[in-house]
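Architecture at a glance
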Amino acid sequence: MDFDNIKKAVVDMEVEKVKDLVTKLLKNKRLPEEILEKGLIAGMKEVGRLFSCKEYFVPEVLMASEAFYAGFDLVSPLIKTKQMKEKGKIIIGVVEGDIHDIGKNIVKVMLEASGYQVVDLGKDVPTEIFVDSVTRENPKILAMSALMTTTMMKMKDVVKSLEHKKLRNKVKVIIGGAPVNEDFAKRIGADGYGEDASAAVSLVEALIGE
Amino acid sequence: MPTVTIKNFGKFYIKGRKTLLDFLVDKNIPINASCGGRGRCGLCRVRIQKPPPPNDIEALLISEKLLKNDYRLACQKQTSEDIELFMPKVKAKKTAKKEGFGLALDLGTTTIKAGLVDLKSGKIKDKTTVFNPQNSLGGDVMTRISAAVEGKYKQLRESLLFGIEIAKEKIGIAKPIFTTVVGNPVMLSFYLNKPVSGLSRYPFRSAIKESTFLKNPTRYVFPIIGGFVGGDTIGGILASNKYQREGIFLYIDLGTNGEIAVIKKDKIVALSAAAGPAFEGVGISSGSLAVAGAIDRITYNKGFRFRTINNKKPIGICASGLIDLLALLLNLGWLQEDGRLIKKIEIDGFGINQDDIRKLQLAIGAIHTGIEVLLAKLGVKPSEIKEAILTGEFGSSLNLESLTKTGLLPNGIKQLRFEPDLPLQGAIMVLLGNDALERVEKIKKLSEHLELALEPDFQKKFVSNLKLTSWS
């Protein structure tokens, strides 16, 4: 019931209420892991569902994520880092030549809210930077987006470059963005396509899930 | 007092300001001119003793050989200084049917617009619109750029030129003596046979920047401002006649990209906002382009009332109708400001769903953010806007109340002017006179281009502007 209240406060985008509820539960010696999983993450999952069925829109998702982070910042220092990292690291970025990143930011929020560690490379990211980051960070997933038909082929360049550097087997590549689809993902040799932020989370779970 | 000397004929003193052509006509000296002295036909050639270097128009309309032999255009020479010339040689008049006609073109992504002008009288004879045949190779401009980069450049260019031929045929002119061309940077690049790859990705550099004069046949192509803000915007601002005036003016050309400019006397800032094709009706369940039969005005009085363009049987709802509908739904409480649709409605079988609303929110939010960023750049408040000048694919009329209720335009705009074809009007103005040509260069010089997505706090502003609410 207590966790449900936190979940509801996240869905209702109430930053202060989330803080109060989380603080109260921590005082009552409830486990931070449980607060995160059953309250905060459950809330963001519901937000993702509402976004998928068009009931929630970009502003609601971003405001709900603020409420999520308000709670997350309180519980995360209390959770052993080992546990946090277990779910795996994800590198995310918008390909070179493309400077629209709101969609990518929403996917990032949803992935973080699902417990993944996300390294954000930003927008207009050159192919070499994607590849270098994969070498350095050793992520389980590389997520890329493109918003224009003119830049989506850059994703193929990244996949090819990973193959060339013999890194392709070490990382799963997923893609998203307005001009791409499942078929395009297959064509360029990516491992999957996510239609929206919720789909991206399900995709990641299917690819590297527990 | 300046003089004009015609060899073996006589010397004349000149009173007042006039061109050499005016002087020759006054003196009944035979000279050809089929464009009324506008510098568009190139027929009033005279040989001048030690002439100054040719101006752009002379370089365009006179062959290099004749230029070298000191030929210039009488209409381009002011008689404010002494001139010595040879008696003009007049050829027998050609019998071409439409001699003295000029053509203005607006090359848009979706449509090509054309205007036919009788240069002698200065009268617009006809206007027409045809679909850009490039549509069959992709609906939006980015898809066409990708196609061009992947090897279909020639096909796209030929397809555009074919569209222009169709427009010429429809308007009834085979060989205009002068053609002026406005359009977005991508279309102008195709037209001038320049690469479009620079526009395929950030930082969006067009292969053309300055104006271009072309010979055989004689053509003038507008310069561009920057990014995706092209000669069409310069043409529209020229036709609006609102630069270098007292007051603040807002200019919006709505299509797939919304080109927005704010004009503050000697300063013009402009950008393009990626509004998506929603305003052209694409991706909207009941959407339509602003063509005959499109619902373009909706009101509510115990039920929805609507009007269609040309009173034809309704085929869908165009941008102005969609904006009216959103405003009405907000007023009725059937739509929340956050975009959540409370009550489903239908007008003569045409409805609007939650997904449609989301797409329109993105389009309106993009325009709203563009306006906000430009006003901030010039340090101007929305209430200072004297007039908003709108052009493009909205509909056939616009309702200021609906535009402000949905947040597409800010509150406090004193006047709204809507004309669907301002860029074409700009091209027509250049057909009609040289001062328009100078003003094009002036507008280009005064204009600064901004990249919206790179403005500080763009995401924050855009996200909060997704709310369907009035602002100021």
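Residues numbered from 1 in each chain as written. Chains lettered and ligands numbered in written order. Predicted model: local features only at pLDDT ≥ 70, side-chain atom pairs only at ≥ 80, totals over all residues.

Another aspect to go through is the overall build of chain B. Check the secondary structure of chain B and you find 12 helices and 22 strands. In terms of overall size, chain B behaves like a compact globule, its C-alpha atoms giving a radius of gyration of 25 Å where 472 residues would be expected to give roughly 23 Å. With the C-alpha coordinates of chain B rotated into their principal frame, the extents come out at 90 × 45 × 45 Å. In chain B, which comprises 472 residues, the proportion classed as buried is 49%. (Helix = DSSP H or I, 4+ residues; strand = E, 2+ residues; numbered from the N terminus. Rg over C-alpha atoms; globule rule 2.2 N^0.38 Å. Buried ≥ 20, exposed ≤ 12 C-beta atoms within 10 Å, placed from the backbone.)

With that out of the way, let us pick up the sheet that holds strand β7 (residues 111-118) of chain B. The strands making up a sheet are joined through hydrogen bonds of the backbone, oriented either antiparallel or parallel. Residue and element names in this part refer to chain B. Read across the open sheet, the 6 strands follow the order β8-β7-β6-β9-β11-β10; overall the sheet is mixed. Each edge of the open sheet is held by one strand with a lone partner, namely β8 (123-131) and β10 (212-214). Going across the sheet, the axis of each strand differs from the next one's by a mean of 15°, ignoring polarity. As defined by bridge partners, β10 adjoins strand β11 (residues 219-221) across 3 bridges and the pair is classed as antiparallel. In the strand pairing of β11, T212 is matched with V221. Helix α4 (residues 141-171) contacts β6 (101-107), β7 and β8 of the sheet and is inclined by roughly 135° relative to β8. Most of the contacts of helix α6 (residues 231-240) go to strand β9 (residues 178-183), to which it runs at about 105°, and overall it touches β6, β9 and β11. (Pairing = 2+ DSSP bridges. Axes fitted to C-alpha atoms, helices over the stretch in contact; angles between N-to-C directions. Contact = placed C-beta atoms within 7 Å.)

Attention now moves to the environment of R201 of chain B. Secondary-structure assignment places R201 of chain B in the loop between α5 (185-191) and β10. We classify R201 of chain B as buried; it has 22 C-beta atoms within 10 Å. Residues R201 of chain B and M142 of chain B, spaced 59 residues apart in sequence, show a C-alpha to C-alpha distance of 9.4 Å. If we ignore the near neighbours within four places in the chain, the residues touching R201 of chain B are G97, D98, T150 and T151 of chain A.

What follows is about the domain arrangement of chain B. According to the domain assignment, chain B consists of domain 1 (3-85), domain 2 (101-221) and domain 3 (248-421 + 453-464). Averaged C-alpha coordinates put domain 1 of chain B and domain 3 of chain B at centres separated by 51 Å. (Domains from an automatic or database assignment.)

The next point concerns the packing of helix α3 (residues 32-52) of chain A against helix α10 (residues 197-208) of chain A. All names here are of chain A. Viewed as axis vectors pointing N to C, α3 and α10 meet at an angle of 125°, and their least axial separation amounts to 8 Å. Viewed along their axes, α3 and α10 adopt a mutual orientation that is oblique. Across the interface between the two elements, G48, R49, F51 and S52 from α3 touch A197, S198 and V201 from α10. Here the residues of the contact of α3 with α10 are counted per class, giving 3 nonpolar, 3 polar and 1 charged. (Parallel < 35°, antiparallel > 145°, perpendicular 65-115°, else oblique. Nonpolar A, V, L, I, M, F, W, Y, C, P; charged D, E, K, R; others polar.)

Residues and elements named next belong to chain B. Judged by pairing direction, the sheet is mixed, and its 3 strands sit side by side in the order β16-β15-β17 without closing on themselves. Each end of this open sheet is capped by a strand with a single partner; those strands are β16 (304-308) and β17 (316-317). Pairing analysis gives 2 bridges linking strand β15 (residues 294-300) to β17, with the strands arranged parallel. Across the sheet, the residue bridging to I295 is I317, located in β17. Seen against the sheet, helix α7 (residues 319-332) touches β15 and β17 and runs at an angle of roughly 20° to β15.

Residues and elements named next belong to chain B. For β7, the buried fraction is high: 6 of the 8 residues fall into the buried class. Where β6 lies against β7, 7 bridges are found, and the strand directions are antiparallel. Pairing of L107 across the sheet is with I112, part of β7. The antiparallel pairing of β6 with β7 creates a hairpin that spans 3 residues between the two strands.

Right, let's talk about the nonpolar core for a bit. As a rule of thumb, nonpolar side chains are buried together in soluble globular proteins. In terms of nonpolar packing, the biggest core is built from 207 residues, with V10, M110, A143 and A200 of chain A together with I260 and I367 of chain B touching the most fellow members. Among the elements that take part in this core, helix α8 (residues 354-377) of chain B stands out by supplying 10 residues, more than any other. Each residue touching A143 of chain A, except ones within four places of it in the same chain, is listed here: I90, I91, I92, V107, I174 and A200 of chain A. (Core = buried A, V, L, I, M, F, W, Y, C linked by C-beta atoms within 7 Å.)

The next thing to look at is α7 of chain B. All names here are of chain B. End to end, α7 covers 20 Å across 14 residues, agreeing with the expected 20 Å (1.5 Å per residue, within 8%). Every buried residue belonging to α7 is among A319, S320, G321, L322, I323, D324, L325, L326, A327 and L329, and all of these are buried. The first or second residue beyond α7 is G333, which carries a positive phi of 80°. (Expected span 1.5 Å × (residues − 1).)

All right, on to the pairing of β8 of chain B then. Relative to β8 of chain B, β7 of chain B runs antiparallel, the two sharing 8 bridges. Pairing of V117 of chain B across the sheet is with I124 of chain B, part of β8 of chain B.

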